[in-house]
Amino acid sequence: MQHKQILTTLLVFMVAGCTTPSTAADEHGDRNDNDERWSPEYMVENFKRVGGTQISPDGEWIAFTVSESRTDGDQSDFLTHIHLVRADGTRQFQLTRGDESASNPQWSPDGEYLSFTSTRNGNGNQIWLIDPRGGEAWPVTEAEGSVSRYRWSNSGERIAFSMVDPPSEEEEQRRQERRDVNVVGEDLKYAHIYVIEVDPGRQKPADIQRLTEGEFHVGSFDWSPDDETIAFDHQPRPGTEYWPETDISTVPSDSGAVEKLIDLGGSDSSPRYSPDGNYLAFVTDRGDPRWPGYEVMMVQDLRDGSMVGLGETHDDRPMMVEWAPDSEEIYYMELHKTSIDLFAMPVDGGPYRQITEGSGRFTGFSLSEDGSMLAAVHQDFDRAPDIIVSGMERFSPRRLTDINDGYEQTEIARAEVIEYQSSDGKRIESVLIYPLDYREGEQYPVLLHVHGGPTGVYGESYVASPHVYPLQKFAAEGYFILRPNFRGSGGYGKEFRFANISDWGYGDFEDMIAGLDRLINEGKADPDRQAIMGWSYGGYMSSFAITRTDRFRASMMGAGVTNLISMTGTSDIPSFLPDYFEGEFWENYERYQRHSAIFNVENIRTPTLILHPEEDIRVPSSQGYELYHALDRMGVDTKMVTYPRQPHGIQEPKFIIDAAERQLEWLEKYVKEEE
C-alpha cells in the first residue's frame, strides 16, 4: 500500500545444490518426482536476483547488481555486488567483492570510474569509487550519517547526495542516559542535500558541503546542465503519509538560499533538467492528490516560467527515466497491462510512442550518453531476469547474460494471460499458472492469489522466482494459480484503477470469482478444492472474502487489513483509507464496518493461516491479532505466525523460506487431497 510502487521480488542464489534442467518427458512421468523438487529452501538459496542497469556513457559496458542469499549459521540476509558485461556480450565479470554489499552503481560522466554505495567501512552507507579496469575501491565520503541518493555533476567534478540528519550530541546523550522519549510529530529527522568534490588523486575524502537545511525532507534531485543549480523535490515531513504535499525547489550548488520553483497544490516531484537547460520536467497530480494515483508529466520553460502539460500516457502514472539528448522527448517507464515498458513522450504536445515491445517485463532502464543504446533487465514467464541491450532507433533486444544458468530443476510451469468478463461486464485480465504435470481433462485444486496495493498488478514475470508465495513449487505440487488483475489494479488506466473506490471486497471480489468460475466451468479447476492467499491488500481480501463465501477450503492471510477503522488509527498512512472510502471513519462507521472482515467475522468457517511481520508500520500486526483472536475464540481452525525485525514485506531469506513452507503445509492439510 504505497503511493508509488515498483514491485521488487526478493530473488537470491547460493551455488551449492544446482542441478541441470530435466526433459519434459522426465517431469510428466511422476507427480511424486515433481513434489520433491522446487522446495522453498532450494529456490531461495539457489537464485540470483538481478538489479537495474547502468550503461556506460559510450555504451560499451553495462554495470548491474546481483544479489545472493546468505543462510549459514546466524546469517539471514542478501549480499549484493556489482557486475559488468560488455554490450557486445564478449565479456562478463564480477567487479566488487567482500562481505559487505555494494549497490547503486553509477558511471562517472567520462566513463573512467564507477561509483557505488556500501557500508564496508562500518560507518554507515558511504559513496565509493572504483576503476572498472582493476584495483581497489576507495571512499569518496566519510559522512557522519548514511548516504541515501546520490548523483554525479555533469562535469564529473562533484557528487551531490542526500542524507538523513544524524542524531545530535544532545540526543545521543539522552539515549545513553535512558531519557530518550519520543514525542510523536516532534524531533523529526529530515533528509538534506550535500555536495562533495571528487578527485581520484586525493589521499583522503574532501570536505562535505551542506546545501540545504530546515524543516523539509528531500527526495529526488537533479543537476542543471551547467552544474550551477540543483533542483529537488521535498515534502514537509519524512514519511509516506506526506507525499501529497511534495513541491519542487532549487538551490545553488555552491551554497545559497533555497527557492521554491513549483507548487501546484498537490504532489510535484521527480524534477529533471533538459540537456539544453531550457526546461525542467516533472511529474504532478495537478493539485489533486489521490492514493490510487493519477499523474501526468509537465514541463516548465525556465526562460519565462510558463508550464505545459504533456500528452496522456497509457496508465496515467508515468515514471520518468531521462530526457533524450536533443531535449525533444522524455523517456519514461510505465505499467502496461501485464507488462512494464519504456515510452517516449514528445515535449511538443504529440502522442507518446512505445519503445520496448514483446512479451515479458522490462525494468532497470539506462541509456548511453548519445541516446543510441538502451540497457534494461528483462524477464518473462519462462525466462529469469537478465540484462538485455538494444539500439534505440529500432528495438531489437539481445540477451547478454544468463545469471541463473543451472537453476531450473524441471521445465517452468506453463503460464498465460487470460481475459474474461466479470459479473457486471467489466473485462478482466488474469495471469494463470498451470500445474506442472497438467493433463487436459483432469481437474486440479486452484489457488486464488490476490495482489497488494490494491494498485499492484500481476504481470509476465518469471514463475520460478523465490518469494513468500513459491509459484513454481505450487505448480509442482499440482495447483492452478489464478492471479487476477481486478478492478483497482494498476496498468489499465485511471478509470480502471479508481473503479474500487468505496467498494473494497465487492466489485473486485466478483472479478476474482468470475475467473475461478471460468476455470471450473472449463473443467480445469476442482470446485471442492479452492484456496485464497495474498499479502497486504491481498491479505485484506484473504480475510474479507471468507466472510462472504464458504467456497474456499483454506485462507492464507499475509500482513492483511482486517479492521478498516483501527487500521486508520494505527498505520503510518492514516489518510489512505479515508481517501479510498471518501471520508473519515467517524463520518461513516457503517461503510467502514461493511468492508471490514472483523465486523463480519461471525460468518467465517474457513481454516485461516495468518502471517505478519512484527515491525510492520504500514499494516500493524494488531490487524492480524484481531482476526486471530476472533477466530480462535469462535473455534475456527487458525494459526498466527509473526516475524521479528520484518517491515511490511519479509526481507530475511530464512523467514521467506519459513512463510512459504507453512503455506504449503496449510494447503497440504486442507486443500490438496480430494475429500
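Note: the structure precedes this text.
Scope of this entry: the structure provided in the associated data block.

## A few points about helix 12 (residues 622-634)
- Taking 1.5 Å per residue as the helical rise, helix 12 with its 13 residues ought to reach 18 Å, and the 18 Å between its terminal C-alpha atoms agrees with that figure.
- When helix 12 is considered as a whole, its buried residues turn out to be Gln-623, Gly-624, Leu-627, Ala-630 and Leu-631. The buried residues of helix 12 occupy one face: seen down the axis, they fall within an arc of 140 degrees.
- On its buried face, helix 12 sits against helix 8 (537-548), strand 34 (554-558), helix 9 (564-570), strand 35 (608-613) and strand 36 (638-643).
- Positive backbone phi, at 85 degrees, marks Gly-635, one or two positions downstream of helix 12.

## Digging into the sheet that holds strand 16 (residues 259-262)
- Taken together, the 4 strands give an open sheet; going across it, the order is 13-14-15-16, and neighbouring strands pair in antiparallel fashion. Taken across any chain shown, the strands that pair with only one partner, and hence form the sheet edges, are strand 13 (217-223) and strand 16. When the angles between neighbouring strand axes are averaged without regard to direction, this sheet yields 35 degrees.
- Two strands pair when backbone bridges link them, and strand 13 and strand 14 (residues 229-235) are joined in this way by 5 bridges, in the antiparallel orientation. Of the residues in strand 14, the one forming a bridge with Trp-223 is Ile-230.

## Digging into the pairing of strand 33 (residues 525-535)
- Here strand 33 lies mainly inside the structure; 9 of its 11 residues are buried.
- Sheet analysis places strand 31 (residues 444-450) next to strand 33, joined by 6 bridges and oriented parallel. By the bridge assignment, Val-446 is partnered in strand 33 with Gln-530.
- Sheet topology note: the strand 33/strand 34 ladder contains 5 bridges and is parallel.

## Digging into the packing of helix 7 (residues 507-521) against helix 8
- Put simply, helix 7 and helix 8 touch, their axes get as near as 11 Å, and they point 85 degrees apart. When the interaxial angle is binned, helix 7 and helix 8 end up roughly perpendicular. Residue-level inspection shows Asp-508, Phe-509, Glu-510 and Met-512 of helix 7 in contact with helix 8, the latter providing Tyr-537, Met-541, Ala-545 and Arg-548.

## Digging into helix 7
- Its 15 residues give helix 7 an end-to-end C-alpha distance of 21 Å, which sits within 8% of 21 Å, the value for a rise of 1.5 Å per residue.
- Among the residues of helix 7, those classed as buried are Gly-507, Asp-508, Phe-509, Asp-511, Met-512, Ile-513, Ala-514, Gly-515, Leu-516, Leu-519 and Ile-520.
- Buried residues along helix 7 sit against strand 29 (415-421), strand 30 (427-433), strand 31, strand 32 (480-485), strand 33 and helix 8.
- Phi turns positive, to about 80 degrees, at Gly-523, one or two residues after helix 7.

## Side note on unusual backbone geometry
- Residue Pro-454 is bonded to the preceding Gly-453 through a cis peptide linkage, with omega at 10 degrees.
- As for its position among the elements, Pro-454 is in the loop between strand 31 and helix 5 (471-476).
- Backbone geometry at Ala-559 places phi at a positive 45 degrees, although glycine is not the residue there.
- Here Ala-559 lies in the loop between strand 34 and helix 9.

## So, the pattern of salt bridges
- Inspection of the entire model under this criterion finds 35 salt bridges.
- With a closest N to O distance of 3.1 Å, Glu-419 and Arg-427 form a salt bridge.
- Accessibility expressed as a relative area gives 43% for Arg-427, which makes it partly exposed.
- Here Glu-510 ties to Arg-548 by a salt bridge, and the two come within 3.8 Å at their closest N and O atoms. One end of the pair, Glu-510, is in helix 7; the other, Arg-548, is in helix 8, with 38 residues separating them in the sequence.

## With respect to the environment of Asn-278
- By secondary structure assignment, the location of Asn-278 is in the loop between strand 17 (268-273) and strand 18 (279-284).
- Judged by relative accessible area, Asn-278 falls into the partly exposed class, the value being 21%.
- Counting along the chain gives 390 residues from Asn-278 to Glu-668, while the straight-line C-alpha distance between them is 62 Å.
- Filtering out sequence-adjacent residues up to four positions away, Asn-278 remains in contact with Gln-300, Asp-301, Leu-302 and Arg-303.

## Some details on the pairing of strand 27 (residues 383-391)
- Burial analysis of strand 27 places 7 of its 9 residues in the buried class, the great majority of the element.
- Joining the antiparallel neighbours strand 26 (residues 373-380) and strand 27 is a turn of 2 residues.
- As defined by bridge partners, strand 27 adjoins strand 28 (residues 398-399) across 2 bridges and the pair is classed as antiparallel. Pairing of Ile-388 across the sheet is with Arg-399, part of strand 28.

Cut-off values and rules
Residues numbered from 1 in each chain as written. Predicted model: local features only at pLDDT ≥ 70, side-chain atom pairs only at ≥ 80, totals over all residues. Heavy atoms only, no water. Helix = DSSP H or I, 4+ residues; strand = E, 2+ residues; numbered from the N terminus. Expected span 1.5 Å × (residues − 1). Buried < 20%, exposed > 50% of the residue type's maximum accessible area, 1.4 Å probe, protein only. Arc of directions from axis to C-beta. Contact = heavy atoms within 4.5 Å. Pairing = 2+ DSSP bridges. Axes fitted to C-alpha atoms, helices over the stretch in contact; angles between N-to-C directions. Parallel < 35°, antiparallel > 145°, perpendicular 65-115°, else oblique. Salt bridge = Lys/Arg side-chain N within 4 Å of Asp/Glu carboxyl O.

By themselves, these figures tell us nothing about what the structure is for.
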